[in-house]
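Residues per chain are reported as follows:
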Amino acid sequence: MATYLGCYLLFFGFFRTYHWLYPKYSVMGESMNPTFWEEEVVQVKAHHSPRRFDVVVLHPPNDPEALYLKRVVGLPGERLDYQDGQLFVNGKPVTDEFAEQTEDFVWEQVSTALIPEDHYFVLGDNRAVSMDSRSFGFVSEKQILGIIKEGNSK
């Protein structure tokens, strides 16, 4: 009996820890269409420093209670420009699947400095409706709750 109880407690503890470290979230809004849809369930898969084009769940700087799902486009020490459907990182072209949907902007419209250390520039995939770094600024690594696994389903 004690062995079964011990196994149960061990399994229950592992199960609870796993879901605490890798929580699931329900997508709200259309800012990540077509990658993620309204009410789709997504799950955190990792907690390392984000790489370019990782999708992250975060607390936006202007509303620490809210949760947003966004794509990391700019990394610390970079500046970004979008011109004629092309992403430029520090003046060099970089392929971005959603660049053609992004309105042209030059970095000086967003910031006078490079992206600070431990901060990121994030955009929604549905750039026309997304509230993202273009409106609320850089996101610190502390505001990022995790990296989302793509290819989830309802």
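Read on for an overview of the structure.

Calculation notes
Residues numbered from 1 in each chain as written. Predicted model: local features only at pLDDT ≥ 70, side-chain atom pairs only at ≥ 80, totals over all residues. Heavy atoms only, no water. Helix = DSSP H or I, 4+ residues; strand = E, 2+ residues; numbered from the N terminus. Buried < 20%, exposed > 50% of the residue type's maximum accessible area, 1.4 Å probe, protein only. Contact = heavy atoms within 4.5 Å. Pairing = 2+ DSSP bridges. Salt bridge = Lys/Arg side-chain N within 4 Å of Asp/Glu carboxyl O.

## Quick word on the environment of Gln-83
Then step 1. Turning to its location among the elements, Gln-83 is positioned in strand β5 (residues 80–83).
Then step 2. Residue classification places Gln-83 among the partly exposed positions, given a relative accessible area of 29%.
Then step 3. Here the alpha-carbon distance between Gln-83 and Thr-102, two residues 19 residues apart in the chain, equals 8.7 Å.
Then step 4. Sequence-distant contacts of Gln-83, defined by excluding residues within four places in its chain, comprise Phe-88, Asp-104, Phe-105 and Val-106.

## Observations concerning the pairing of strand β8 (residues 119–123)
Then step 1. In terms of residue burial, β8 counts as a mostly covered element, since four of its five residues are buried.
Then step 2. Here three bridges tie strand β4 (residues 68–74) to β8, and the two strands are oriented antiparallel to one another. Its bridge partner lying in β8, Gly-74 is registered against Phe-121.
Then step 3. Looking at chain direction, β8 and strand β9 (residues 139–140) are connected through two bridges and run antiparallel. Along β9, the bridge assignment pairs His-119 with Ser-140.

## A few points about the pattern of salt bridges
Then step 1. Taken as a whole, this structure holds six salt bridges when the rule is applied.
Then step 2. With a closest N to O distance of 3.2 Å, Arg-127 and Asp-96 form a salt bridge. Taken together, the positions of Arg-127 in the loop between β8 and α2 (133–136) and Asp-96 in the loop between β7 (92–94) and β8 put the pair 31 residues apart, joining distant regions of the chain.
Then step 3. Given the relative accessible area of 2%, Arg-127 is considered buried.
Then step 4. Residue class for Asp-96 comes out buried when judged on its relative accessible area of 8%.
Then step 5. A salt bridge links Asp-132 to Arg-134; its shortest N-O distance comes to 2.9 Å.

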